[in-house]
Amino acid sequence: MYPRTFHGFNAKAILHGDRVEIRRQLLAKVGGAKDVSLALSDILKPLSKGPTRMVNGYVYLATDLDPDRLSYWIDAPRTRIARAQNAILFTWWQRRVQQEFVSAVEEALRTPCPRSL
């Protein structure tokens, strides 16, 4: 079951039983984005907005560690979320993958993580 990989526009997310790794593509790294690993216990909720044919959508993994986390619950500007290290963009053609990623993260947050031996 784990790990599960979800490919977005600018990165891929790898969901493990206890964490989510976001690995950026080379072009995103050149732009200053970094790879990140978030413990599932730190994630409050995956926030998402679906893509349209004109604008990419996103999945943002909100945590308590976000400096202005309450502003993300309101409808933060897309550019602020798109530049966040905890976000992955999805194109119109990747909308099903985006929905699967959000569902998988929500399910992982509800389910106790299996311990590694």
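Presented here is an overview of the structure given in this document. Model, not experiment: these values are computed from the prediction.

Turning next to the pairing of strand β3 (residues 19–24). Pairing between strand β2 (residues 11–15) and β3: five bridges, direction antiparallel. Within β3, the position partnered with K12 by the bridge is R23. Between the end of β2 and the start of β3, which pair antiparallel, lie three residues.

On to the packing of aromatic side chains. Summed over the entire model, instances satisfying the criterion amount to two aromatic pairs. A ring pair is formed by F6 and F101, whose centres lie 5.2 Å apart and whose planes are at 50 degrees; its orientation type is tilted. A residue pair is termed long-range when its members are at least 10 positions apart, and F6 in strand β1 (residues 4–7) and F101 in helix α4 (residues 95–110) qualify at 95 residues. Taking relative accessible area as the criterion, F101 reaches 1% and is therefore assigned buried. Look at F90 and F101: their rings are 6.5 Å apart centre to centre, the planes differ by 35 degrees, and that puts the pair in the tilted class. Of the two residues, F90 is situated in strand β7 (residues 87–90) and F101 in helix α4; the sequence distance between them amounts to 11 residues. Following the ring pairs from residue to residue traces out a cluster consisting of F6, F90 and F101. The aromatic ring of W92 is capped on one face by R95, whose charged end is 3.9 Å from the ring centroid.

What follows covers the nonpolar core. General note: in soluble globular proteins, nonpolar side chains tend to be found buried as a group. L15, V20, L61, I88 and F101 are the most contacted members of the largest nonpolar core, which totals 18 residues. Elements with a contribution of two residues or more to this core: β2, β3, β6 (57–63), β7 and α4. In terms of nonpolar packing, the next biggest core, distinct from the first, is built from seven residues, Y58, Y60, A84 and L89 among them.

With antiparallel pairing, the three strands of this open sheet are ordered in space as β5-β6-β7. The sheet is open, and its two borders are formed by β5 (43–49) and β7, each paired with just one other strand. When strand polarity is set aside, the average angle formed by the axes of neighbouring strands in this sheet is 15 degrees. In terms of strand pairing, β5 meets β6 through six bridges, oriented antiparallel. Looking at the pairing, L47 lines up with Y60 of β6. Along the sheet face, α4 touches β5, β6 and β7 and points at about 165 degrees away from the line of β5.

So, about the sheet that holds strand β4 (residues 36–39). Pairing in this open sheet of four strands is antiparallel, and the strands run β1-β2-β3-β4 from one edge to the other. Of all the strands in the sheet, the pair left with one neighbour each is β1 and β4. For this sheet the average axis-to-axis angle between neighbouring strands, irrespective of direction, equals 15 degrees. Both β1 and β2 contribute to a ladder of four bridges, which runs antiparallel. By the bridge assignment, T5 is partnered in β2 with I14.

Reading the values: rules and limits
- As a convention, each chain's residues are numbered from 1 in the sequence order in which they are written.
- Restriction of local features to residues with pLDDT of at least 70 applies here, the model being predicted, together with a cutoff of 80 or more for giving and counting side-chain atom pairs; totals for whole chains, interfaces and linings are based on all residues.
- Side-chain descriptors were evaluated using all non-hydrogen atoms of the structure, hydrogens and water having been removed beforehand.
- Pairing between two strands is assigned when DSSP locates at least 2 bridges connecting them.
- Strands here mean DSSP runs of E at least two residues long; helices mean DSSP runs of H or I at least four residues long; both are numbered from the N terminus.
- We call Phe, Tyr and Trp rings a pair once their centres come within 6.5 Å, taking the six-membered ring for Trp, and we label the pair stacked below 30 degrees between planes, edge-to-face above 60, and tilted otherwise.
- Exposure classes here rest on a 1.4 Å probe applied to the protein chains alone. A residue is buried below 20% of its type maximum, exposed above 50%, and partly exposed in between.
- Over a ring means this: the NZ of a Lys or the CZ of an Arg is within 6 Å of the ring centre and within 35 degrees of the ring normal.
- We define the nonpolar core as a collection of buried residues of types Ala, Val, Leu, Ile, Met, Phe, Trp, Tyr and Cys that are connected through side-chain atoms lying within 4.5 Å of one another.
- Each axis is a line fitted through C-alpha atoms, and for a helix only the stretch in contact is used; angles between axes span 0 to 180 degrees, taken between their N-to-C directions.
- For this analysis, residues touch if any pair of their heavy atoms sits within 4.5 Å.

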